[in-house]
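# A structural walkthrough
One letter stands for each residue in the lines below.
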Amino acid sequence: MCAGCIRFNAFFLNKSSSHRSVIAFYIILQIVLLCQLGCSQSFVRMLEKMEEFDPEKVIEEFEAITRDAGKVQRETLKKILEENGSAEYLQSLGLNGRTDPESFKTCVPLVTHKELEPYIHRIADGDPSPILTGKPITTISLSSGTTQGKPKFVPFNDELMESTMQIYRTSFAFRNREFPIGNGKGLQFIYSSKQFQTKGGLAAGTATTNVYRNSQFKETMKAIQSQSCCPDEVIFGPDFHQSLYCHLLCGLIFRDEVQFVFSTFAHSILHAFRTFEQVWEELCTDIREGVLSNRVSAPSIRAAMSKLLKPNPELADLVYKKITGLSNWYRLIPELFPNAKYIYGIMTGSMEPYLRKLRHYAGELPLLSADYGSSEGWIGANVNPKLPPESATFAVLPNIGFFEFIPLKHNIEDQDQNQMDPSFFQIEHEPVDLTEVKIGEDYEIIVTNFAGLYRYKLGDVVKVMGFHNSTPELKFVCRRNLLLTINIDKNTEKDLQLAVEEASKLLGEEKLEVVDYSSHVDSSTDPGHYVIFWEISGEAGEEVLKECCNCLDRSFIDAGYVSSRKVNAIGALELRVVRRGTFQKILDHYLGLGSALSQFKTPRCVGPTNNLVLQILCGNVVESYFSTAF
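Looking up the chain in an unreviewed UniProt entry gives the name Jasmonoyl--L-amino acid synthetase JAR4-like isoform X1, with the organism given as Juglans regia. Under Sequence similarities (unreviewed entry), UniProt gives the following word-for-word description of the chain: "Belongs to the IAA-amido conjugating enzyme family."

### As for the sheet that holds strand β3 (residues 185-188)
The strand order β3-β6-β7-β8 describes an open sheet built from four strands, whose pairing is parallel. Each edge of the open sheet is held by one strand with a lone partner, namely β3 and β8 (367-369). Recorded for the sheet is a direction-independent mean angle of 25° between the axes of neighbouring strands. Two strands pair when backbone bridges link them, and β3 and strand β6 (residues 258-265) are joined in this way by four bridges, in the parallel orientation. Counterpart to L187 in the pairing with β6 is V261.

### Comments concerning the sheet that holds strand β21 (residues 529-536)
If you trace the four strands from one edge of the open sheet to the other, you get β20-β21-β22-β23, paired in mixed fashion. At either margin of the open sheet sits one strand with a lone partner, and together these are β20 (514-522) and β23 (621-626). Strand after strand, the sheet turns through a mean of 20° between neighbouring axes, direction not considered. Judged from the eight bridges that link them, β20 and β21 form a sheet pairing that is antiparallel. Bridge pairing links D522 to H529 in β21. Along the sheet face, helix α20 (residues 542-555) touches β21, β22 (574-578) and β23 and points at about 60° away from the line of β23.

### Examining the packing of aromatic side chains
Throughout the structure, instances matching the rule amount to 19 aromatic pairs. Measuring from ring centre to ring centre gives 5.9 Å for F179 and Y342, while their planes differ by 65°; the resulting arrangement is edge-to-face. Of this pair, F179 sits in the loop between α9 (158-178) and β3 while Y342 sits in strand β7 (residues 342-346), placing them 163 residues apart in sequence. With respect to class, F179 is no different from Y342; both count as buried. Ring geometry for Y530 against F556: centres 5.4 Å apart, planes inclined by 85°, an arrangement best described as edge-to-face. Within this pair, whereas Y530 is found in strand β21, its partner F556 is found in the loop between α20 and α21 (559-566), the two being separated by 26 residues in sequence. Considered together, Y530 and F556 belong to a single accessibility category, that of buried residues. Through pairs of rings, three or more aromatic residues link up here, namely F179, F260, F262, Y342 and Y344. Cation over ring: K185 sits above F254, and NZ or CZ is 5.3 Å from the ring centre. The residue whose ring lies beneath K357 is Y361, and the NZ or CZ to ring-centre distance is 5.2 Å.

Cut-offs and rules
Residue positions are counted from 1 within each chain, in the order its sequence is given. Only residues with pLDDT of 70 or above have their local features reported here, since the model is predicted, and side-chain atom pairs are shown and tallied only from 80 upward, although totals for entire chains, interfaces and linings are computed over all residues. As a rule here, side-chain values come from all non-hydrogen atoms in the structure, and water together with hydrogens is ignored. UniProt positions are given in the numbering used here, feature names are shortened, and annotations may be inferred rather than shown by experiment. Pairing between two strands requires that DSSP report at least two bridges joining them. Every helix listed is a DSSP run of H or I at least four residues long, and every strand listed is a run of E at least two residues long, numbered separately from the N terminus. Lines fitted to C-alpha atoms define the axes, with helix axes restricted to the stretch in contact, and inter-axis angles between N-to-C directions lie between 0 and 180 degrees. Contacts are assigned to residue pairs with any non-hydrogen atoms lying within 4.5 Å of each other. Only centres within 6.5 Å qualify two rings of Phe, Tyr or Trp (six-membered ring in Trp) as a pair; their planes then separate them into stacked at under 30 degrees, edge-to-face at over 60, and tilted for everything else. With a 1.4 Å probe rolled over the protein chains alone, any residue whose accessible area is under 20% of its type maximum counts as buried; one over 50% counts as exposed, and the rest are partly exposed. To sit over a ring, a charge needs its Lys NZ or Arg CZ within 6 Å of the ring centre and within 35 degrees of the ring normal.

Below, the structure written as C-alpha cells:
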C-alpha cells in the first residue's frame, strides 16, 4: 500500500459513518484523475485539504517549535541559505555554500532597505537571474509609505504567504481557545488596492493586497471560521468609500451572524464607525427599501450587493431604534452586532492613540491586538489574547525566518548632563540570537527571510517581556527612526503619544477630543522647535488650547529636551490646530499613491522626505499657539 493509501485508511477510519459516506462519494469522483496523476502525492495533498482545522493541533505544533527555538533557528537559516545559495547577492559575499550562523554573520553585513533597493529594482525591472533568491520573485509588495513619503518595494513569494497563513492559524488557535466563535461571519473592514505590473511584468501591490488576492487566504479564513460577511466584489472594489459603505451595509444585513469585527489596523476600524455616524440613516433607508444608495456606482459592487439586499423594514426599524437609544454612540458596536465576541486588529504602536475612542464604541467588548509583522514579513503571533492591547506581546515563530537582535541601551543616567553625547539615546552592541535576548531589555530586530532579505534592519524597537518556552515574547515599543530631535533631544513616537495623551485630558474636560495628530521639527526658526498638529472634534477656547500647548511642552520629559529648552537651545513648542477633515485629506493622499485603507498609518513625525503631507498639514492650520512653559 502506498503512503497516500495508508494515510487515507487512517483518515477514513477515524471519521464517523456519516462522514465516511461523504468522503467515499468524493473519492469516487476523483479516482480517475488520481490514477492518472499517481496515487501517493495526490492523495496526500487532497487529504490535507480535507482535514478539518484543529486548533489544539496547531497549538501543539507551536509548542513543539518553540521548545528548542535555537535549534529551529539554525535549521531555518540552513534552509534559507540552501534554497537561495545560488543568488547573486549571497555569492558575492563569499559564503561558498556554508549555512552555519557563524559564517553567515561573518560574511553577510547588516543592511537597510537602501542597500538592497538596487537589487530589488533589478528584480522589478525583469532581470531573470537569481539576484536575491534562488527561485524567481513573482510578486512585489509595497509598504504603506507613511514613514518616508513613498512606498518601498519589498520582495514577496510563496514562502512569505505560507508564513502569513501560519501566523493567522496560530493566533486564531490561541484566540479561539479564550474567545470561541461559532460558524458565523466576521465584519472585516478589509480593502484591496489595485495591483499593477512593474516594468518587468511582476504583479505589484500593497502587502495586504498580495495576501487577500492569494487563494490560500480565502481557504485559511474559511478553515478558521473567519469568513467575511462581504462579497469579494466589495473587498476588491475600485473605490474604498463605496467599499466601506457596503462593508457597513453587509454587517447590518448579517448583524445576528457577526461574530467579530476586524481590520488590519485599529485606525480603519475607528474610521469605519466614524463613517457610520454620518451615513447610518442612509443605510437604514437602503435596508428598508432594498435598494442600494446611489453613492455606490461601481457596477461590480452593485451587482454583488443586489444579491444580498432585499426590502427589510423590520431590520431597518430595529437598527433605527438601537441607534436612537445610544448615548453619544457609546456601545455602538455591541448594539449593532449582539453576537460579536471581540474586536480584532493591530492596536500597538501608532495605533494606541485610537484605543480610547474604539473602547467607547466597543463598550464591554474586548479589544484584541493582532499579530506582529511588517511589509517585509512576519515576526510573531499573539498567543496571549486576553492581554489588553497596551500590554500585548508577540511570541516569535522561530521557523518563519532567522532573527537577530541589536541591544539598545538607554544609559542617560550614566552621563554628565553637561557633556552629553548626542547619540546617548541608543548605543548599539553586537547583535545577539533569538534565544540570547534578555527580559526587560530593548532591541532592534534584524530579519533574514525566505524572500531575499538578509540581516535586514527592520527599524522596529521591541522590549523582551518574557519567553514562551524558549522563544521570546516581544512588546512593540516604537519605530527607531521616527524621532523628534534638534539638539541633544531624542523623543520617540511613544514619547509623542504620551505627551498628546496628557495634554488631551484638558480637552476632555470640555467634552472634546483629539481626532488625530502629527508632528514636525521646524528648523527654519532659530533655534528650531517642535510643531504638533492637532485635529479636534469641536471648537475649543483659546485659554484651553494655550494650556494644552504648555502641557505638551512639559510632557516631553526627555532630559536632553528639557535641558535644551531651559537654555533656549530648542525653541518654544508650537501647537497648530488644523481644520476638521485634514487627516482625511492625508489618508486620501496615500490612497492616491496606491496604498490600501487597511494598511494606512497616520504619519506621526513628518520629515523632510514627506513634503506633500507637510503641505497638507500646514495648508489647513486655523490656529497656532506657542508654549510659555519654560
